[in-house]
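Listed here are the chains, written in short residue letters.
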There are 4 protein chains.
Amino acid sequence: MATQHRAAPNAARRKETSRQAILAAAFDLLREVGYAKLSIEGIAARAGVGKQTIYRWWPSKGAVIFDAFLLLSASEGEPPVLPDTGDLETDLRLVLRATVEELNDPRYDQPMRALATEIAHDPDLAAVYAERLDGPLKEAKRQRLRSAQQAGQLAEDLDLDVAVEMIWSPLLNRWLHHSGPLTAEYADRVVATALNGLRPRH
Amino acid sequence: MATQHRAAPNAARRKETSRQAILAAAFDLLREVGYAKLSIEGIAARAGVGKQTIYRWWPSKGAVIFDAFLLLSASEGEPPVLPDTGDLETDLRLVLRATVEELNDPRYDQPMRALATEIAHDPDLAAVYAERLDGPLKEAKRQRLRSAQQAGQLAEDLDLDVAVEMIWSPLLNRWLHHSGPLTAEYADRVVATALNGLRPRH
Amino acid sequence: MATQHRAAPNAARRKETSRQAILAAAFDLLREVGYAKLSIEGIAARAGVGKQTIYRWWPSKGAVIFDAFLLLSASEGEPPVLPDTGDLETDLRLVLRATVEELNDPRYDQPMRALATEIAHDPDLAAVYAERLDGPLKEAKRQRLRSAQQAGQLAEDLDLDVAVEMIWSPLLNRWLHHSGPLTAEYADRVVATALNGLRPRH
Amino acid sequence: MATQHRAAPNAARRKETSRQAILAAAFDLLREVGYAKLSIEGIAARAGVGKQTIYRWWPSKGAVIFDAFLLLSASEGEPPVLPDTGDLETDLRLVLRATVEELNDPRYDQPMRALATEIAHDPDLAAVYAERLDGPLKEAKRQRLRSAQQAGQLAEDLDLDVAVEMIWSPLLNRWLHHSGPLTAEYADRVVATALNGLRPRH
DNA sequence: GCGTAATCGAGACGGTACGTCCGGTCTTACG
DNA sequence: CGTAAGACCGGACGTACCGTCTCGATTACGC
């Protein structure tokens, strides 16, 4: 849909059922056998599809995995919105705790690591990811901060992009690199530390 | 050296020249052909070594890559120390700019991505990484913050672990996920934002 | 034309230009790429024709090749006749030398081997071949022998079928199985030996 | 054994059991599924062998088939000899009837057609065939004729090579090209006609 | 110093998956 | 309805590596 990197064949004739069977098979296999053992051959077999049908429409295994994620989030429809109770710290804690929850969920762990790996090794994929999946989410995060900023809860000259990354990156890093326990309590500490900053407040 | 996960053969008889040839070949090939096309077969051929000699001493491709990094950093000897001029912000800027420099260096980009990928998919490796490579570095970072804290430049109750992650994670994330430009200016903004926090300071 | 083995579609609406383009393409490709690499796909592409148009009208690759030969020889029109100067031995030498010439001609070698192979593996095709291509030619050979027989140059009780095969088979065998040099001199020896027989003539 | 056409790997380390399993599997499959559906993949699977082990030692499917025949006839050991009762015509009838029998045996029909096809399309194979399989047999045929020649039953100046081909080619041709019924009676007619020749004997 | 046991380079082995090609069927749009 | 075009499922192709195994040929101990 969004990831054709080569001169595309006649997309009008594309068989939609095959496309969905492939993406579903890819996602399922990712959970079942893990990223390292995921093969195009396996996806084709599981989807009941010729290998050529995959190679015709996707340039790489990563692109298939990626589109499987697109399919997943596309079903949600309208862009995401972060909760806004007026209390930023509470809202952020809520959201980050949910993120922690999701990252710890074994159903999503493997697929998301696979996605992260593909993105890390393929800038093209990264660009599409930034536009289609991460973009809307990041905008929602920025929007929540902007709202707090207007309410006077955040510094007027705050760099929202940096702020967003400063809140969410520590979580993603711990998760991806197994560099420490990923708990709700940790999420809270990140929120508190980010909001207050490192310097003493008199 | 550090990553034998299986009952080791008699290490005393190990041929040191082969070990180094393998690690060097692994590192070189990582640069030359990239992570995706790196093969044990290729490493063995390049190193002029039988495949069995690799399988005898390392449990996985990731372990070889990892030890190649160990070899690199082991040469440095004593533990790293961050500069301490008394001015935390300046020091952090300096260090982060250097980090940005290194991440943008094409000689290290591929190998480090490979290492990151292996760590992401192998918790055992992650543990060894945390202990041997990341540990000392992280301690140095914490130490610099502690020094600033004692000088009254940082909050007394600051969570140093979280603080460290809040400063360095945004950079690593941008780099690994290609989620934005990685510049010295960006490093400066991260430092400033982290130090001040998101909330307004009156 | 002669080899529809399945319930044929409405042949009246058949497009003659496509038929000829297909057969011509088949024959050309046979020369150019050889029998092993000849594909329906390739024929269709070369002929500017949909694959289905081939499958609609021919049951197998062999049938296409076969019809290509039919097209070739059909152009000759009336049935073949062997020369009859009254001197059988001379006439046979002439004809066999011509056959040797043709078999050695690189333009016909590949296609004819292809035809022979198809016939060897498909009795249906063999039957059509016997009727349409080989039949008339064989009749001409028999006729020449019959004429000689009536002139008293051949034994009265001679088995003409066996005689024909005894003269031509050695050539075809040498050619098809690469079992010896195929020269005009060899043709002469075959003629002489066949006419005289193995037994001594006192 | 005789058909390595490429720079051979270290043949000393070759696994004899695999070699024989491959050739046996090839021969069996040839009978079971036929030549057209014979695949390297199938042979490897049936033989319990990796595909590479076939590609390592044979340059083509034809070479495998060929060696399977070599294995078969190699087991017979010493060179073949045709019966010699002193009565050439009777002996030839016996041998040709046996040949007819064999060619009509469904167990050998498919494999031998396969061999014939490969030889027809691969001159290299044909050369090895001529030397290893057909050679000794042809020599035996020539020897029988030579014996009859010395006994005064054949013309003194008879071309033995041509004579042999004149006797056996008609049979092989009928069989390979399905160009007529292949019966004992036909064999007899060929023998008689060849011995007497076409010309009348007064 | 001398067997002997382990490591080494080499590479064949049974396998899995790759990415490509083609076979034969089916669908679409046109004439 | 026949056609050109070409997507589809299936499956074989020949290649690249996997991780295991077996070979001599060096080693380096232990006796």
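What counts and how
Residues numbered from 1 in each chain as written. Chains lettered and ligands numbered in written order. Predicted model: local features only at pLDDT ≥ 70, side-chain atom pairs only at ≥ 80, totals over all residues. Heavy atoms only, no water. Least-squares fit on C-alpha atoms with pLDDT ≥ 70 in both. Contact = heavy atoms within 4.5 Å. Near = heavy atom within 4 Å. Helix = DSSP H or I, 4+ residues; strand = E, 2+ residues; numbered from the N terminus. Nonpolar A, V, L, I, M, F, W, Y, C, P; charged D, E, K, R; others polar. Axes fitted to C-alpha atoms, helices over the stretch in contact; angles between N-to-C directions. Parallel < 35°, antiparallel > 145°, perpendicular 65-115°, else oblique. Left-handed = near helix turned anticlockwise from the far one by under 90°. Buried area = accessible area lost by both parts, 1.4 Å probe. Salt bridge = Lys/Arg side-chain N within 4 Å of Asp/Glu carboxyl O. Expected span 1.5 Å × (residues − 1). Buried < 20%, exposed > 50% of the residue type's maximum accessible area, 1.4 Å probe, protein only.

Under an unreviewed UniProt entry, the name given to chain A is TetR/AcrR family transcriptional regulator, and the organism recorded is Micromonospora profundi.

Enquirer: How would you explain the relation of the copies chain C and chain D if you had to name every residue and give the values?
Expert: Rotating chain C by 180 degrees about the axis while translating it 0.0 Å along that axis superimposes it on chain D, leaving an RMSD of 0.2 Å. Given the turn and translation reported, the copies of this chain are related as if by a two-fold rotation axis. Considering only C-alpha atoms, the part of chain C nearest the rotation axis is C:Gly197, at 1.6 Å. The share of interface residues of chain C whose copies in chain D are also at the interface is 100%, consistent with both copies meeting through the same surface.

Enquirer: So, the protein's contact with DNA strand F: which residues are in play, and what are the values?
Expert: Around DNA strand F, the surrounding shell holds 39 residues, and the nearest of these are A:Trp57, B:Lys51, B:Gln52, D:Lys51 and D:Tyr55. Elements represented by at least two residues in the surface near DNA strand F include exactly helix 3 (51–57) of chain A, helix 2 (40–47) and helix 3 (51–57) of chain B, helix 3 (51–57) of chain C together with helix 2 (40–47) and helix 3 (51–57) of chain D. For the surface near DNA strand F, the per-class residue count stands at 9 nonpolar, 14 polar and 16 charged.

Enquirer: Explain the packing of helix 4 (residues 61–74) of chain D against helix 6 (residues 106–121) of chain D residue by residue, including any values.
Expert: For any two helices packed against each other, one specifies the inter-axial angle together with the distance between the axes. All names here are of chain D. Two elements in contact, helix 4 and helix 6, have axes separated by 10 Å at closest approach and are oriented at 130 degrees. Relative to helix 6, the element helix 4 lies oblique. The crossing of helix 4 and helix 6 is left-handed. In this structure, helix 4 contributes Gly-62, Ile-65, Phe-66 and Phe-69 to the contact, and helix 6 contributes Pro-111, Met-112, Ala-114, Leu-115 and Glu-118. Broken down by class, the residue content of the contact of helix 4 with helix 6 amounts to 7 nonpolar, 1 polar and 1 charged.

Enquirer: Give a description of the interface of chain C and chain D that names residues and reports values.
Expert: Facing 46 residues of chain C, the contacting portion of chain D comprises 46 residues. In total, chain C and chain D occlude about 4200 Å² of area from one another, counting both sides; carbon and sulfur atoms represent 58% of this. The largest contributions to the chain C side of the interface with chain D come from C:Met166, C:Leu198 and C:Arg199, which together make up 19% of the buried area. C:Arg199 is the salt-bridge partner of D:Glu89, the closest N and O atoms lying 2.8 Å from each other.

Enquirer: Any chance you could break down the interface of chain B and chain A for me, citing the residues and the numbers?
Expert: In this assembly, 46 residues from chain B lie in contact with 46 residues from chain A. When chain B packs against chain A, the two sides together hide about 4200 Å² of surface, and 58% of this comes from carbon and sulfur. Among the residues chain B hides against chain A, the three largest losses belong to B:Met166, B:Leu198 and B:Arg199. Together they make up 19% of the total. Counting across the interface, chain B meets chain A through 6 salt bridges. Mapped by element, the contributors of at least two residues to the side of chain B that touches chain A are helix 6 (106–121), helix 7 (123–150), helix 8 (160–177) and helix 9 (184–196) of chain B. The dominant element in the side of chain B that touches chain A, judged by the number of residues it contributes, is helix 8 of chain B, at 13 residues. Within the side of chain B that touches chain A, the residues separate by chemical class into 23 nonpolar, 13 polar and 10 charged.

Enquirer: Just give me the short version of the environment of D:Ala98, but keep the residues and values in it.
Expert: By the secondary structure assignment, D:Ala98 is in helix 5 (residues 88–104). Each C-alpha atom of the pair D:Ala98 and D:Ala127 lies 26 Å from the other, and the pair is 29 residues apart in sequence.

Enquirer: Can you break down helix 9 of chain B residue by residue, with the values?
Expert: With 13 residues, helix 9 of chain B ought to run about 18 Å at 1.5 Å a step, and its terminal C-alpha atoms sit 19 Å apart, in line with that. All of the buried residues along helix 9 of chain B are B:Tyr186, B:Ala187, B:Asp188, B:Val190, B:Val191, B:Thr193, B:Ala194 and B:Leu195. On its buried face, helix 9 of chain B sits against helix 8 (160–177) of chain A together with helix 5 (88–104) and helix 8 of chain B. In the stretch just after helix 9 of chain B, B:Gly197 is the one whose phi turns positive, near 80 degrees.

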